[in-house]
Amino acid sequence: MSTGFSPGAEGGVVVEFDPAEVSILRSLVGMILGMVEPGETGSDPLERALGIGAAKVPDDPVLARLFPSAYADEEQAAEFRRYTEAALRDGKRADARAVLDSVASGRAELSADQAQAWLRALNDVRLTLGTRLEITEEVHEELAGMAEDDPRYPAYMMYDWLTYLQDSLVRALW
């Protein structure tokens, strides 16, 4: 199992993954890439050029978590979403692609920019899993009391591993 990230040269990080870990990461990050489709823009050419899109809150709880409303007031939230969501979707897809392009078995050194993309992508994967699994702050207590034959156990362990990876990446960067 990976020992997590450690500081590298010039603000980058170093990590080593085994083939199974690479397969898991590719699958999970690929899932995010599939979920976060390009944002919808209006039919007006200027709106398309500026990335001005729809103002609707996503129905899917995961997408609502990945793209939360910026304001409690629905009208303000819709206006903000209209001007930002398409670009946010593009950013999440770019981060996922950066991970898919750089994840490999064995030792890898990531630049500072790649490490930041990894940090954002790992966060998106954790938010997605956490929402689907209905993870609460008591996740560690729940996992400690969970039997290994519980059907949720592998997913909870994966969430815990991702939490460890993200934590080690944050520590390596700062």
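In what follows, the structure referred to is the one given above.
Residues numbered from 1 in each chain as written. Predicted model: local features only at pLDDT ≥ 70, side-chain atom pairs only at ≥ 80, totals over all residues. Heavy atoms only, no water.

Details of the sheet that holds strand 1 (residues 6–7)
Selection criterion: The criterion for strand pairing is that DSSP finds at least two bridges linking the strands in question. What counts as a helix is a DSSP run of H or I of at least four residues, what counts as a strand is a run of E of at least two, and both are numbered from the N terminus. Contact definition: two residues touch when any of their heavy atoms are within 4.5 Å. Only the stretch in contact is used when a helix axis is fitted, and all axes are lines through C-alpha atoms; the angle between N-to-C directions ranges over 0 to 180 degrees.
Taken in spatial order, the three strands make up an open sheet running 1-2-3, and their pairing is antiparallel. Strand pairing shows two members of the sheet lacking a second neighbour, strand 1 and strand 3 (106–110), which therefore form its edges. As paired strands, strand 1 and strand 2 (residues 13–17) are joined by two bridges and run antiparallel to one another. Paired with Pro7 across the two strands is Val13, which belongs to strand 2. In this fold helix 7 (residues 153–173) packs onto strand 1 and strand 2, with an angle of close to 155 degrees to the strand it touches most, strand 2.

Examining the packing of helix 1 (residues 19–35) against helix 5 (residues 112–133)
Between two packed helices, both the angle of their axes relative to each other and the distance between the axes serve to describe the pair. Going by this rule: The labels follow the angle: roughly parallel below 35 degrees, roughly antiparallel above 145, roughly perpendicular from 65 to 115, and oblique for the rest. Throughout this entry, Asp, Glu, Lys and Arg are counted as charged residues, while Ala, Val, Leu, Ile, Met, Phe, Trp, Tyr, Cys and Pro are counted as nonpolar. The remaining residues, Gly among them, count as polar.
Put simply, helix 1 and helix 5 touch, their axes get as near as 10 Å, and they point 80 degrees apart. The orientation of helix 1 relative to helix 5 falls into the category roughly perpendicular. Counting all contacts with helix 1, which are made through Leu25, Leu28, Val29, Met31, Ile32 and Met35, the residues of helix 5 involved are Trp118, Leu122, Asp124, Val125, Thr128, Leu129 and Arg132. A per-class count over the contact of helix 1 with helix 5 returns ten nonpolar, one polar and two charged.

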